[in-house]
Structure formats: structure tokens, C-alpha cells
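Listed here are the chains, written in short residue letters.
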Amino acid sequence: MGLPTILFLAFISLSSLAFSCYANGTFSALQNGLLVTSSPKAGQVLKAGEKNITVTWSFNKTFPAGTDSAYKTVKVKLCYAPISQENRPWRKTKDELNKDRTCQHKIVSRPYSPSTNTFTWTIERDIPSATYFVRAYVFDTKDKEVAYGQATDAAKKTNLFEVEAITGRHASLDIASVCFSVFAIVSLAGFFYLEKRKGKTSK
């Protein structure tokens, strides 16, 4: 095989790889085009189904004006921190966006606006216990990721918070169960009393 043929094949392989990465989209290729903050303090524990998270996002003005011309939609998500991804391949971070499992929980989707946007979200009852951070993805008109922003640093070590999942029965169910039990006992006692009284009357 001659050198021109080898170079041609190498070019084809590299082109295919580049096209594949572009088609699938990679996180490393995204612009850090948004500034994102979230309300929980570092280390704060929030109960699912009860507590709220307020998220704000806006255009990152360190980029030149017009950088956001392709920005169409912002989707904010709750994402697993590295400590809650260990030994959990179903939460694994991958650079290919269609294979990435870091951000599985949707918070909100909004049309893009460069000004400050705010949304308050009540943590859903089915969110599992874990350590999280907030990230926002920006999509273009073809619904392809083109930028992002997150409320943590690049290493995903700052501004992390915990969510405590709902476990066991709800307190209201326990109270109702106790009330029904008491009612059943009182009703049974009343029944035996009436039966005993009827027996004495018949004599």
C-alpha cells in the first residue's frame, strides 16, 4: 500500500470521526455561554416534595455581542455531582451528549433571553437521594445543544447540595392509620357492650 493511499485512508478516518462527533454533539465543544446560579447553599440538604430551588440564568457577557444569535431555547436540569456517580454507570458522565447521564432531571424549559431569567422549582417527589448541581443547556432552532452554563465550577466541586428522597410512608398516612385503628377498637368495644346489654335484657 503506497503512501498516498495510506494518507487518503487516514484522512477519511479522521473526517468520519469528526463528523460523528459533530453529529452526536459533545459537551467539550459547547460554549460556556450562560451564567447560572442556584439558591441552595453548599452542603444544604433539601427534602424532595417540600423544598424549592430558585435558578437564575443570563447571557455570559464575556463573549462578544452576537455570540448568542443561534440561541433558541434554554433547558435547565438537575445534575448528579461526581460523588453520586461513583459505582453508578446509569449516571455516568460522557462527553458525547447523547450518551451522557449526568443531568437526568428536568427543571424547566424556556425560550432564550439574554437578560436575567428566574424560575423557582419545587423538587419533585420522585427525585432520588444524591448530591446535585444545576446546569442549563442552550439549544438552537434544530434542537441541538450549542452552549451551556452551570452553577458549579468545571470540576463540579463547588455549590453542591443534597436532596433527601421521600422514604417510607408519609406522616399523614400514619396519622390516618392510627385514627382508623382507634375507631375500629372503639367500634368493637361498643359492639360487645351492646351485645352484652341485649343478653341481660333478654333474661
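Just so it is clear, the structure is predicted and the values come from calculations on it, not from any experiment. (Residues numbered from 1 in each chain as written. Predicted model: local features only at pLDDT ≥ 70, side-chain atom pairs only at ≥ 80, totals over all residues. Heavy atoms only, no water.)

### Some words on unusual backbone geometry
Phi is mostly negative for residues that are not glycine, and the peptide bonds are mostly trans.
So, point 1. At Asp-143, a residue that is not glycine, the phi angle is positive and equals roughly 60°.
So, point 2. As for its position among the elements, Asp-143 is in the loop between strand 7 (130–139) and strand 8 (145–150).
So, point 3. At Lys-156, a residue that is not glycine, the phi angle is positive and equals roughly 55°.
So, point 4. Since its relative accessible area comes to 13%, Lys-156 is described here as buried. (Helix = DSSP H or I, 4+ residues; strand = E, 2+ residues; numbered from the N terminus. Buried < 20%, exposed > 50% of the residue type's maximum accessible area, 1.4 Å probe, protein only.)

### Re the nonpolar core
So, point 1. Counting residues in each nonpolar core, the largest one holds 28 residues, and the members touching the most others are Ile-53, Val-76, Leu-78 and Val-134.
So, point 2. Where this core is concerned, the elements lending two or more residues are strand 1 (34–38), strand 3 (52–59), strand 4 (73–80), strand 5 (103–111), strand 7 and strand 9 (161–164).
So, point 3. With 5 residues, the top contributor of residues to this core is strand 7.
So, point 4. If we skip the residues at most four places from it in the chain, Val-76 touches Val-55, Trp-57, His-105, Lys-106, Ile-107, Val-108, Val-134, Arg-135 and Ala-136.
So, point 5. The next biggest cluster of nonpolar side chains, apart from the first, holds 10 residues, and it includes Cys-79, Phe-133, Phe-139 and Tyr-148. (Core = buried A, V, L, I, M, F, W, Y, C linked by side-chain atoms within 4.5 Å. Contact = heavy atoms within 4.5 Å.)

### Describing the state of the cysteines
So, point 1. For the coordinates displayed, the defined rule picks out 1 disulfide.
So, point 2. Disulfide pairing places Cys-79 opposite Cys-103 at an S-S distance of 2.0 Å. What sets the handedness of the Cys-79 and Cys-103 disulfide is the S-S torsion sign, and at about 105° it is right-handed. With Cys-79 in strand 4 and Cys-103 in strand 5, this residue pair connects regions lying 24 residues apart in the sequence. Note on accessibility: Cys-79 and Cys-103 belong to one class, buried. (Disulfide = S-S within 2.5 Å.)

### Some points on the pattern of salt bridges
So, point 1. According to the stated counting rule, one finds 2 salt bridges in the structure shown.
So, point 2. The partner of Asp-143 in a salt bridge is Lys-75, and the shortest N-O contact between them spans 3.5 Å. With a gap of 68 residues between them, Asp-143 in the loop between strand 7 and strand 8 and Lys-75 in strand 4 connect regions that are remote in the sequence.
So, point 3. By relative accessible area, which is 48% here, Asp-143 ends up partly exposed.
So, point 4. A residue is classified by how much of its surface remains accessible, and Lys-75, at 23% relative accessible area, is partly exposed.
So, point 5. Across the pair Glu-96 and Lys-99 runs a salt bridge, and its minimum N-O distance is 3.9 Å.
So, point 6. The partly exposed category is assigned to Glu-96, whose relative accessible area is 26%.
So, point 7. In this structure Lys-99 comes out as partly exposed when scored by relative accessible area, which is 41%. (Salt bridge = Lys/Arg side-chain N within 4 Å of Asp/Glu carboxyl O.)

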